[in-house]
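Observations on the three-dimensional arrangement
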Amino acid sequence: MVGAGLLTLPYAMSELGWGPGVAVMTLSWIMTLYTLWQMVEMHEMVPGKRFDRYHELGQYAFGETLGLWIVVPQQLVVEISLDIVYMITGGKSLKKFHDLVCDGRCKDIKLSYFIMIFASAQFVISQLPNFDSIATISLAAALMSICYSTIAWGASVDKGKADGVDYSLRASTTSGMVFDFLGGLGQMAFSFSGHNVVLEIQASIPSTADTPSKKPMWKGVIVAYTIVLLCYFPVAFVGYWAFGNSVDDNILITLNTPKWLIAAANMMVVVHVIGSYQVYAMPVFDMMEMVLVRKMRFSPGWKLRLVSRSLFVAFTMFVGITFPFFGGLIGFFGGLAFAPTTYFLPCIIWLTVYKPRVFSLSWCTNWVRSTE
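Computed from a predicted structure; not experimentally measured. (Residues numbered from 1 in each chain as written. Predicted model: local features only at pLDDT ≥ 70, side-chain atom pairs only at ≥ 80, totals over all residues. Heavy atoms only, no water.)

Across its full length, the chain holds 14 helices and zero strands. The order of α-helices and β-strands along the chain, N terminus first, is α-α-α-α-α-α-α-α-α-α-α-α-α-α. Here the chain has a C-alpha radius of gyration of 21 Å; the compact-globule value for 372 residues is 21 Å, and the two agree. For the chain, the spread of C-alpha atoms along the principal axes amounts to about 60 × 55 × 40 Å. Looking at the 372 residues of the chain, the share that counts as buried comes to 51%. The contacts of the chain with a sequence gap of at least 6 include a subset with a gap of at least 24, amounting to 81%. A total accessible area of about 16800 Å² is found for the chain, and carbon and sulfur atoms account for 70% of it. Averaging the locations of the 25 positively and 23 negatively charged side chains of the chain gives two centres separated by 5 Å. (Helix = DSSP H or I, 4+ residues; strand = E, 2+ residues; numbered from the N terminus. Rg over C-alpha atoms; globule rule 2.2 N^0.38 Å. Buried < 20%, exposed > 50% of the residue type's maximum accessible area, 1.4 Å probe, protein only. Contact = heavy atoms within 4.5 Å. Areas by Shrake-Rupley, 256 points an atom, 1.4 Å probe, with all protein chains shown as cover. Lys, Arg positive; Asp, Glu negative; His and termini not counted. Charge placed at Lys NZ, Arg CZ, Asp CG, Glu CD.)

Before going further, it helps to examine the state of the cysteines. Scanning all chains against the criterion turns up one disulfide. Left without a disulfide partner, C364 is nearest to the cysteine sulfur of C347, which lies 13 Å away. (Disulfide = S-S within 2.5 Å.)

Right, let's get into the pattern of salt bridges. Within this structure, the stated rule accounts for seven salt bridges. Within this structure, R53, E56 and D286 form a network of salt bridges that share partners. (Salt bridge = Lys/Arg side-chain N within 4 Å of Asp/Glu carboxyl O.)

The biggest cluster of nonpolar side chains holds 90 residues, and the ones touching the most others in it are L6, M87, M188, Y232, I251 and I349. If one sorts the elements of this core by residue count, helix 11 (residues 259–294) sits on top with 15 residues. Once residues lying within four places of it in the same chain are set aside, the contact partners of M87 are I115, F118, A119, Y277, V313, T316 and M317. (Core = buried A, V, L, I, M, F, W, Y, C linked by side-chain atoms within 4.5 Å.)

A word on the packing of aromatic side chains. Tallied over the entire structure, the rule returns 14 aromatic pairs. Ring geometry for W29 versus Y225: centroids 5.8 Å apart, planes at 50 degrees, classification tilted. Taken together, the positions of W29 in helix 2 (residues 18–42) and Y225 in helix 9 (residues 214–243) put the pair 196 residues apart, joining distant regions of the chain. Judged by relative accessible area, which is 1%, Y225 ranks as buried. Their ring planes at 40 degrees and their centres at 4.3 Å tell us that W350 and Y354 sit as a pair that is tilted. Separated by four residues within a single helix, W350 and Y354 lie in helix 13 (residues 330–354), roughly one turn from each other. Members of the aromatic cluster, each reached through a chain of ring pairs, are Y34, W37, W350 and Y354. (Phe/Tyr/Trp six-rings, centres within 6.5 Å; stacked < 30°, edge-to-face > 60°.)

As a further point, take the layout of surface pockets. Roughly 580 Å³ of internal volume is contained in the second largest pocket. Lining the second largest pocket are 23 residues, with H55, L68, V72, M290 and V291 sitting closest to its centre. Looking at the lining of the second largest pocket, the elements with two or more residues in it are helix 3 (54–62), helix 4 (64–102), helix 11 and helix 12 (302–322). Among the residues forming the lining of the second largest pocket, the class breakdown is 15 nonpolar, two polar and six charged. (1 Å grid on protein atoms, 1.4 Å probe; cavity = no way out; pocket = protein on both sides within 12 Å on 5 of 7 lines; lining within 4 Å. Points joined across faces, edges and corners; volume = space filled by probe spheres on them. Nonpolar A, V, L, I, M, F, W, Y, C, P; charged D, E, K, R; others polar.)

Summarizing the sequence annotation, UniProt attributes the feature "transmembrane region" (unreviewed entry) to residues 16–37, 111–128, 134–155, 222–243, 263–285, 306–326 and 332–353 in the numbering used throughout. Helix and strand shares over residues 111–128 are 83% and 0% respectively, and the end C-alpha atoms of the span are 27 Å apart. Annotated as residues 134–155, this span is 95% helix and 0% strand, and its ends, taken at the C-alpha atoms, are 31 Å apart. (UniProt positions renumbered as here; feature names shortened; annotations may be inferred.)

Of all nine residues that make up helix 8 (residues 195–203), seven are buried, and the element is covered over most of its length. Regarding helix 8, the residues found buried are H195, N196, V197, V198, L199, E200 and Q202.

The phi angle at R297 is positive, at roughly 65 degrees, despite the residue not being glycine. By the element assignment, R297 lies in the loop between helix 11 and helix 12. Residue class for R297 comes out exposed when judged on its relative accessible area of 70%. Located in the positive-phi region is K355, a residue other than glycine, with phi close to 45 degrees.

Right, let's talk about the environment of P10 for a bit. Here P10 shows up in helix 1 (residues 9–16). Other than its neighbours up to four places away in sequence, P10 contacts V235, A236, G239, Y240, V247 and I251.

Among the surface-exposed residues, V178, F181, L182 and L185 lie close enough to one another that they form a single nonpolar patch of about 320 Å² accessible area. If you trace the backbone, V178 turns up in helix 7 (residues 174–191). The exposure class of V178 is partly exposed, given its relative accessible area of 44%. (Patch = residues over 30% accessible without salt bridge, like charges linked within 9 Å, V, L, I, M, F, W, Y side chains within 5 Å.)

Let us now look at the packing of helix 6 (residues 135–159) against helix 9. Axis separation between helix 6 and helix 9 bottoms out at 9 Å; the angle between their running directions is 30 degrees. Here helix 6 is positioned roughly parallel relative to helix 9, judged by the angle of their axes. In this structure, helix 6 meets helix 9 at a crossing whose hand is left-handed. Between helix 6, through I146, S149, A152, W153, S156, V157 and K159, and helix 9, the contact on the second element is made entirely by I227, C231, P234, V235, V238, G239, W241, A242 and F243. Grouping the constituent residues of the contact of helix 6 with helix 9 by class yields twelve nonpolar, three polar and one charged. (Axes fitted to C-alpha atoms, helices over the stretch in contact; angles between N-to-C directions. Parallel < 35°, antiparallel > 145°, perpendicular 65-115°, else oblique. Left-handed = near helix turned anticlockwise from the far one by under 90°.)

Quick look at the structure:
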């Protein structure tokens, strides 16, 4: 749940300002926790059946064909764009680590080579078959995210408020303010993007009549969202407090001292995005291999996995190298696909499936959420 998108939150705050920024952060946390609860509940809403993938839930709600076209394109945009951003983030963090450790004594190396180094690890790890097989990597990634987010806001507190810090909006024109505001909203939506893989994760939990999977899953969600609260809010607010509108789109890039600590934090980001890349790539691998086997009659096995998954990693690496500014588009993708799949599509599915009584609390809540 804790993604590297949290490093952009101080930048998003600088686009929104104190009042709207605090309000959007708080509302996003509450809204996404609510829609996550809905998805956990809907996983086994039909007795004897589990909706293991987002598009299966969409097909049940909207029909076989329409549900597929509503959910799959948005889900693919989310997962593929996230993996591209993680590819670039991994490369940038490796470069930042190299530059801090060398301190001008080493030859300057282009970002492209660091992205390729990061991709080389993904070529290997991508051959692991499923979510269960990356459990250790996911645990390490989760621990690293807690560590580097703590370093990000802790180092900001230690550095203190920058001289001449300015909390005015970044843009000075009306059109610029509008675009920045929308960008800030998209970046915050990007940070709350775990809904796109939550059903696949819940599918890996055993379920019985006495102990349905939603019970341990909801406990996990509560733990995860408590950690999100403790990581996201301090990074967003303290980072903006310390640097104002001069903060970079990655708070760790803005911080340079103490060098050893910031270098360690950047390496933690690398470990984290190695795991996060796989979490969002696994559903894409599953879709790719399902189409290749069922539609194109390829034989399942390690050869298919090697070729298809390597091609996907190579594609995200190529886009990351070609468009290293892709990370700057996360506001666009946040608004285009992250917001629908995270904020209001679960509410629409809930209304379609459960059909709550008109003007009841559930009906009003979900209608308000789905029309925001």
